[in-house]
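Take a look at the letters that make up each chain.
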Amino acid sequence: MSAPLPPGIEAYPVTVAPIPPEEGGGFVVSFPDVPGCHGVGETEEAALADGRQALFACIDALKAADRTPPEPGSAKA
């Protein structure tokens, strides 16, 4: 059973992109505000669920290192 996600985590913009079949297929999600934070899955839904957990872990790691997590939507376009 997975832990509940903190409130506000859904406010982070997310991009979803297909992974080419020759590279294994599926989908990858990323969060422009949190570089290096990605999730993957065989379906978009699975990739989004994995991405949410990765985002939670990234934000938690930043807090543990006494760093302020980026605000949702703070990435430069």
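The structure under discussion appears in the preceding block.
Draft legend 1. Molecular detail of the sheet that holds strand β2 (residues 27–30). An order of β1-β2-β3 is seen for the 3 strands of this open sheet, with the pairing classed as antiparallel. Two strands in the sheet have a free side with no partner beyond their single neighbour: β1 (15–18) and β3 (38–41). Across the sheet, the mean angle separating the axes of adjacent strands is 20 degrees when strand polarity is ignored. As paired elements, β1 and β2 share 4 bridges and run antiparallel to each other. Within β2, the residue paired with valine 16 across the bridge is valine 29.

Draft legend 2. Seen up close, helix α1 (residues 44–64). When the terminal C-alpha atoms of α1 are compared, their 30 Å separation across 21 residues agrees well with the 30 Å that a helix rising 1.5 Å per residue should span. The set of residues buried in α1 consists of Ala47, Gly51, Ala54, Leu55, Ile59 and Leu62. Taken end-on, α1 shows its buried residues confined to a sector of 135 degrees, consistent with a single buried face. Facing away from the buried side of α1 by over 90 degrees, the exposed positions are Glu45, Lys63 and Ala64. On its buried face, α1 is in contact with β2 and β3. At the exit of α1 stands aspartate 66, carrying a positive phi of roughly 55 degrees.

Criteria and cut-off values
Within each chain, residues carry numbers counting from 1 in the order of the written sequence. Reporting in this predicted model follows two pLDDT cut-offs: at least 70 for local features of residues, and 80 or more for side-chain atom pairs to be given and counted; totals over whole chains, interfaces and linings ignore these cut-offs and use all residues. Calculation of side-chain values draws on the structure's entire complement of heavy atoms; hydrogens and water are dropped beforehand. Pairing between strands requires that DSSP locate at least two bridges from one strand to the other. Starting at the N terminus, helices and strands are each numbered in turn, a helix being any DSSP run of H or I of at least four residues and a strand any DSSP run of E of at least two. Between the N-to-C directions of two axes lies an angle of 0 to 180 degrees, each axis being a line fitted to C-alpha atoms and, for a helix, fitted only over the stretch in contact. By this rule the span expected of a helix is its residue count minus one, scaled by 1.5 Å. Exposure categories follow from relative accessible area, calculated using a 1.4 Å probe and restricted to protein chains: below 20% of the type maximum is buried, above 50% is exposed, and the middle band is partly exposed. The directions considered for the arc are those from the helix axis to the C-beta atoms. Any two residues whose heavy atoms approach within 4.5 Å at even a single point are treated as in contact.

The values reported here are purely geometric and, on their own, carry no functional implication.
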